[in-house]
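Spelled out, the chains give:
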Amino acid sequence: MGRQFWVVAHRWAGLTLALFLAVAGFTGIFLSWIDELEVAAAPDLQLAAPPSPGAVPLSTLELRRLVLARYPGARIDYVPMTVEEGRSLRLYLTWPDPKTGLPRADAPQWDDLFLDPYTGAELGRRQWGNISQGIKNLMPFTYRLHYSLALGQWGLLAFGLAALVWVLDCFVGFYLTLPVVTRAPAGKGWIARWAPAWAVRWEASRYKLNFDLHRAGGLWIWPLLLVFAVSSVSFNLPQVYGPVVQALGGVDDGAVYQSALLPAPRWRPRLSFDQALLHGEELARTEASHFHLTLRGDGERYLWYIPATGAYVYGFTSSADISRHGGGSFVGFDGDSGALRATRIPTGRHGANTFTTWVEALHTAHVGGTAWRIAVSMIGAMVTMLCITGIVIWTKKRSGRINRKTR
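Rules of the game
Every chain's residues receive numbers from 1 upward, in the order its sequence appears when written. Reporting of local features is limited, given that this is a predicted model, to residues whose pLDDT is at least 70; pairs of side-chain atoms are given and counted only at 80 or more, and all residues count toward the totals for whole chains, interfaces and linings. Water and hydrogen atoms play no part in the side-chain values, which are based on all heavy atoms of the structure. Secondary structure follows DSSP: runs of H or I at least 4 residues long count as helices, runs of E at least 2 residues long count as strands, and numbering of each begins at the N terminus. Each residue's exposure class comes from its accessible area (1.4 Å probe, protein chains only) as a fraction of the maximum for that residue type: buried when under 20%, exposed when over 50%, partly exposed otherwise. Any two residues whose heavy atoms approach within 4.5 Å at even a single point are treated as in contact. Computed by Shrake-Rupley with a 1.4 Å probe, the accessible areas treat only the displayed protein chains as cover when residues are assessed. Under the convention used here, Asp and Glu are negative, Lys and Arg are positive, and both His and the chain ends fall outside the count. In plain terms, the charge of a residue is placed at NZ if it is Lys, CZ if Arg, CG if Asp and CD if Glu. Two N or O atoms form a polar contact when they lie within 3.5 Å of each other; inside protein one atom must be a possible hydrogen donor and the other a possible acceptor, and for residues adjacent in sequence the pair counts only when both atoms belong to side chains. Two strands are said to pair when DSSP picks up at least two bridges between them. For every element, the axis is a line fit to its C-alpha atoms; helices are fit only across the contacting stretch, and the angle between N-to-C directions ranges from 0 to 180 degrees. Of all possible arcs, the one meant is that of the directions from the helix axis to the C-beta atoms. Salt bridges are defined as contacts in which a side-chain nitrogen from Lys or Arg sits within 4 Å of a carboxyl oxygen from Asp or Glu. What a helix is expected to span follows from its residue count: subtract one and scale by 1.5 Å. The set of buried Ala, Val, Leu, Ile, Met, Phe, Trp, Tyr and Cys residues whose side-chain atoms join them within 4.5 Å is what this entry labels a nonpolar core.

*Asks:* Describe the overall build of the protein, naming the residues involved and giving the relevant values.
*Replies:* Helix and strand counts for the protein stand at 14 helices and eight strands. Its C-alpha atoms give the protein principal-axis dimensions of about 80 × 45 × 45 Å. Taken across its 407 residues, the protein has 44% of its residues classed as buried. Intrachain contacts of the protein at a sequence separation of at least 6 include 61% that bridge at least 24 residues. Of the roughly 21,200 Å² of accessible surface on the protein, a fraction of 63% belongs to carbon and sulfur atoms. Averaging the locations of the 39 positively and 29 negatively charged side chains of the protein gives two centres separated by 17 Å.

Pasting the structure below:
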């Protein structure tokens, strides 16, 4: 296949991806700072000052029991075990039909509940991502736009397919920047002929400047574009990415909650949340010792029950975690018997899983501190710029083709 074929392929891939990447890039500028922006948008929900110096917050499992007593019929299947000082506790509530698992018709129009972790008092509610409820949902709505255009499961799938095309187009776009061998002038080396592709002619015409920004801008951040493309596939298309990881010798980390579906949801496991927490901590210590890891007390911990599989997931932070939040290690175990089903070790156990952990952490700005968060925002702006300049190039060339046909 000749170069012209790849030019056309890049053109149509770019036009197909433009909307997805422009939205993802622009929203990504802000999502690097989602915690800070959540506080700025809804401080009354997000902040909870200690009542006195040295005050100790209530157990999150105790707070869960208080909420479930207030709202009979509700479920809270995910409970963070740690709450940052000065912040509220956010609990996600559902009201499923026991037979179908679908939301009940009479379910309240909210699912996020914010509590004062010191007293259990309610600070407010919201339906996550529903922008009609006002600025308190600004960042959740921005996040929904980022990964699904706020279109639910269909948007999630569309973004996943777009990410797959993006991975392939990264290589096509890189190839098209390489110098054409048949046009090589005598005495000029290959590197010298490729050098102009990296440069921007700031004093040139607007079209040439636009073209240079598109070509050189893509080259400047090309490895990072590929990282973000691959990680987008892992986030949005786990049904494709997981088997690839397994084929490369890794372990599909989602197996504990994506496989072994029960004929009907197991709403009431034999192990209560309190019992499951103790069992999860014991399994975490055993698995950490088995893999020669150290448990860390400074990272996130959580307990999650999945009725569809009847399994608990206990997330903890170990020396294999690289995220600034932690919580990337987990053990999954049966909610009735307590039998271990899966162990996730983020790095060091399998090369494919270590690669995935790093590209996902880079994508979400969970490594590298403030400097990398700034870089991720700049990458988001660059991706948006590449989409705009690509459309301008296509529009200009299309107008030229139309004019030539008209003449």
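Back to the text.
*Asks:* Which residues make up the side chain of Ser329, and what values go with them?
*Replies:* By the element assignment, Ser329 lies in strand β7 (residues 329-334). Judged by its relative accessible area of 0%, Ser329 falls in the buried class. A polar contact is formed between the side chain of Ser329 and the side chain of Ser318, at a distance of 2.8 Å. In this structure the side chain of Ser329 is engaged in a polar contact, spanning 2.7 Å, whose partner is the side chain of Asp321. With sequence-adjacent residues up to four places away left out, Ser329 is seen in contact with Tyr314, Gly315, Phe316, Ser318, Asp321, Arg344 and Pro346.

*Asks:* Which residues make up the sheet that holds strand β3 (residues 112-115), and what values go with them?
*Replies:* The strands making up a sheet are joined through hydrogen bonds of the backbone, oriented either antiparallel or parallel. Read from one edge of the open sheet, three strands run β2-β3-β4, paired in antiparallel fashion. Looking at which strands have only one partner, the edges of the open sheet turn out to be β2 (89-92) and β4 (122-126). Each strand of the sheet is rotated relative to its neighbour by a mean of 20°, with strand direction disregarded. Across four bridges, the pairing between β2 and β3 is antiparallel. Bridge pairing in β3 links Leu91 to Leu113.

*Asks:* Account for helix α4 (residues 60-70), with residues named and values stated.
*Replies:* Here α4 has its buried residues at Thr60, Leu61, Leu63, Arg64 and Val67. Projected down its long axis, α4 carries its buried residues within an arc of 155°, all on one side. Buried residues in α4 make contact with β1 (78-80), β2, β3 and α12 (273-290). Where α4 starts, the residue carrying a side-chain oxygen 3.2 Å from the main-chain nitrogen of Leu61 turns out to be Ser59.

*Asks:* Please set out the pattern of salt bridges residue by residue, giving values where relevant.
*Replies:* According to the stated counting rule, one finds 17 salt bridges in the structure shown. For Arg90, the salt bridge is made with Asp112, and the minimal N-O distance between the two is 3.0 Å. Of this pair, Arg90 sits in strand β2 while Asp112 sits in strand β3, and the two are 22 residues apart along the sequence. Owing to a relative accessible area of 37%, Arg90 belongs among the partly exposed residues under this scheme. Judged by its relative accessible area of 0%, Asp112 is buried. Bridged by salt links that share partners, the residues Arg266, Arg270, Asp334, Asp336 and Arg341 form one connected network.

*Asks:* Summarise helix α8 (residues 206-220); cite the residues concerned and give the values.
*Replies:* The terminal C-alpha atoms of α8, which comprises 15 residues, lie 20 Å apart, in line with the 21 Å expected from a rise of 1.5 Å per residue. Regarding α8, the residues found buried are Asn210, Asp212, Ala216, Gly217, Gly218 and Leu219.

*Asks:* Describe the nonpolar core, and please don't skip the residues or the numbers.
*Replies:* Counting 35 residues, the largest nonpolar core has Trp166, Cys170, Leu225, Phe228 and Trp372 as the members making the most contacts within it. Counting residues per element, the ones that place at least two in this core are α1 (3-31), α6 (152-177), α9 (222-236), α10 (238-247), α13 (351-363) and α14 (369-406). If one sorts the elements of this core by residue count, α9 sits on top with eight residues. Those residues in contact with Trp372 that lie beyond four places of it in its chain are Leu224, Phe228, Leu362, Ala365, Val367 and Ile379. Judged by nonpolar contacts, the second largest core, of 29 residues, contains Tyr71, Leu283, Ala284 and Val331.

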